[in-house]
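Listed here are the chains, written in short residue letters.
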Amino acid sequence: MPQPAPTTQRGKAKENRRQALLTAAASLFALNGFNRVSLEDLGAAAGVSGPAVYRHFPGKQAVLADLLVTVSQELLDGGRQVVESTADPAAALRQLVEFQVDFALGKPDVIRVQDRDLSNLSEQDQSAVRTLQRSYVELWVDVLAKVHPGTDAAELRMRAHATFGLINSTPHSVRSHGRRIAAGVARPLLERMALAALLVDSAGGVQSPR
């Protein structure tokens, strides 16, 4: 869950260790799965002892919750900033795509953890993640409704979810086949493909993004 920014040197050091634990958790959970990673594993990867992890999190499930709830909130906050700062729907759509591509290329481990280990959260934390994710989807739907006026909202949600699938799966699928694609190559290709999926009309044509 999002934490207030620390103001003291000691607070900053503690927050740095907490972030190191979350980074280690994303990597280890993605590689081995939540159930095969111990608190001692997390501590070792982050450079602290296993018992010291309890200074930051009450348990392993709390680490997973912090990781997934926080990233869901970051996506929603970032998407809102894009929409609120861009009056033109076509420009907002392009920027949402760029924002999602940046996330996918920057945090592929978190995406894999969410896909595989969301069910390991408590019901309350699962609900929190899904609520944030639904709100993020609706941001896209609202923009798409202006790009495709008169289109049913269910179809617009399908477009959004299909685009997330395209963007989020590509960095992992390329890396898992032995080669990690360079961001400079992946980013423009993903952005063009995503926009094409979002702008295609029901007759098969593609609207100009202007």
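Residues numbered from 1 in each chain as written. Predicted model: local features only at pLDDT ≥ 70, side-chain atom pairs only at ≥ 80, totals over all residues. Heavy atoms only, no water.

Draft legend 1. Spatial organisation of the overall build of the protein. Across its full length, the protein carries 8 helices and 0 strands. For the protein, the N- to C-terminal ordering of α and β elements is α-α-α-α-α-α-α-α. The burial tally for the protein puts 41% of its 210 residues in the buried class. (Helix = DSSP H or I, 4+ residues; strand = E, 2+ residues; numbered from the N terminus. Buried < 20%, exposed > 50% of the residue type's maximum accessible area, 1.4 Å probe, protein only.)

Draft legend 2. Representation of the environment of Ser-169. With respect to the helices, strands and loops of the structure, Ser-169 is situated in helix H7 (residues 153–176). In this structure the C-alpha to C-alpha distance between Ser-169 and Pro-108, which are 61 residues apart in sequence, comes to 8.4 Å.

Draft legend 3. Layout of helix H6 (residues 123–147). The end-to-end C-alpha separation of H6 is 36 Å, in line with the 36 Å expected for 25 residues at 1.5 Å each. Those residues of H6 that fall on the buried side of the exposure criterion are Asp-125, Gln-126, Val-129, Leu-132, Tyr-136, Val-137, Leu-139, Trp-140, Val-141, Val-143, Leu-144 and Val-147. (Expected span 1.5 Å × (residues − 1).)

Draft legend 4. Spatial organisation of the packing of aromatic side chains. The tally for this structure, following the rule as stated, stands at 5 aromatic pairs. Consider the rings of Tyr-136 and Trp-140, whose centres lie 6.2 Å apart with planes at 75°: the pair is edge-to-face. Here the residue Tyr-136 and the residue Trp-140 both occupy positions in helix H6, the gap between them amounting to 4 residues, near one helical turn. Both rings, one in Tyr-136 and one in Phe-164, keep their centres 5.6 Å apart while their planes meet at 15°; by these two values the pair is stacked. (Phe/Tyr/Trp six-rings, centres within 6.5 Å; stacked < 30°, edge-to-face > 60°.)

Draft legend 5. Region of interest: the confidence of the model for the protein. With 86% of its residues at a pLDDT of 70 or more, the protein has an overall mean of 88. Per-residue pLDDT, averaged within each element of the protein, yields its smallest value for H7 (83) and its largest for H6 (97). (pLDDT = per-residue confidence, 0-100.)

Draft legend 6. Region of interest: the layout of surface pockets. Size it by volume and the largest pocket reaches roughly 350 Å³. Among the elements of the structure, helix H3 (60–85), helix H4 (89–106), helix H5 (108–117), H6 and H7 are those that each provide at least two residues to the lining of the largest pocket. Among the residues forming the lining of the largest pocket, the class breakdown is 9 nonpolar, 8 polar and 2 charged. The space that makes up the second largest pocket amounts to roughly 250 Å³. Elements represented by at least two residues in the lining of the second largest pocket include exactly helix H1 (9–32), H3 and H5. In terms of residues, the lining of the second largest pocket owes the most to one element, H3, which gives 5 residues. A class-by-class count of the residues in the lining of the second largest pocket yields 6 nonpolar, 4 polar and 4 charged. (1 Å grid on protein atoms, 1.4 Å probe; cavity = no way out; pocket = protein on both sides within 12 Å on 5 of 7 lines; lining within 4 Å. Points joined across faces, edges and corners; volume = space filled by probe spheres on them. Nonpolar A, V, L, I, M, F, W, Y, C, P; charged D, E, K, R; others polar.)

Draft legend 7. How the structure looks around the nonpolar core. The biggest cluster of nonpolar side chains holds 58 residues, and the ones touching the most others in it are Phe-29, Leu-42, Leu-68, Leu-93, Val-97 and Trp-140. Elements represented by at least two residues in this core include exactly H1, helix H2 (39–46), H3, H4, H5, H6, H7 and helix H8 (183–199). Leaving out residues up to four positions away in the same chain, Leu-68 has contacts with Val-110, Val-113, Gln-114, Leu-118, Leu-121 and Val-129. (Core = buried A, V, L, I, M, F, W, Y, C linked by side-chain atoms within 4.5 Å. Contact = heavy atoms within 4.5 Å.)

Draft legend 8. Geometry of a positive patch on the surface. On the surface, Arg-10, Lys-14, Arg-17 and Arg-55 cluster together to form a positively charged patch. Within the secondary structure, Arg-10 sits in helix H1. (Patch = residues over 30% accessible without salt bridge, like charges linked within 9 Å, V, L, I, M, F, W, Y side chains within 5 Å. Areas by Shrake-Rupley, 256 points an atom, 1.4 Å probe, with all protein chains shown as cover. Salt bridge = Lys/Arg side-chain N within 4 Å of Asp/Glu carboxyl O. Lys, Arg positive; Asp, Glu negative; His and termini not counted. Charge placed at Lys NZ, Arg CZ, Asp CG, Glu CD.)

Draft legend 9. Looking closely at the pattern of salt bridges. A complete count under the given rule lists 7 salt bridges for this structure. Across the pair Glu-15 and Arg-18 runs a salt bridge, and its minimum N-O distance is 2.8 Å. Here Arg-18 and Glu-15 lie together in helix H1, a separation of 3 residues that amounts to about one turn. By relative accessible area, which is 19% here, Glu-15 ends up buried. Each of Glu-15, Arg-18 and Asp-66 takes part in a single network of salt bridges with overlapping partners.

Draft legend 10. Looking closely at the packing of H3 against H6. Across the interface, H3 lies against H6 with an axial gap of 9 Å and an inter-helix angle of 20°. By the angle between their axes, H3 is roughly parallel relative to H6. Seen from above, H3 lies across H6 with left-handed handedness. Here Ala-65, Leu-68, Val-69, Ser-72, Gln-73, Leu-75, Leu-76, Gly-79, Arg-80 and Val-83 of H3 come into contact with H6, specifically with Asp-125, Ala-128, Val-129, Leu-132, Gln-133, Ser-135, Tyr-136, Leu-139 and Val-143. Class assignment for the residues of the contact of H3 with H6 results in 12 nonpolar, 5 polar and 2 charged. (Axes fitted to C-alpha atoms, helices over the stretch in contact; angles between N-to-C directions. Parallel < 35°, antiparallel > 145°, perpendicular 65-115°, else oblique. Left-handed = near helix turned anticlockwise from the far one by under 90°.)

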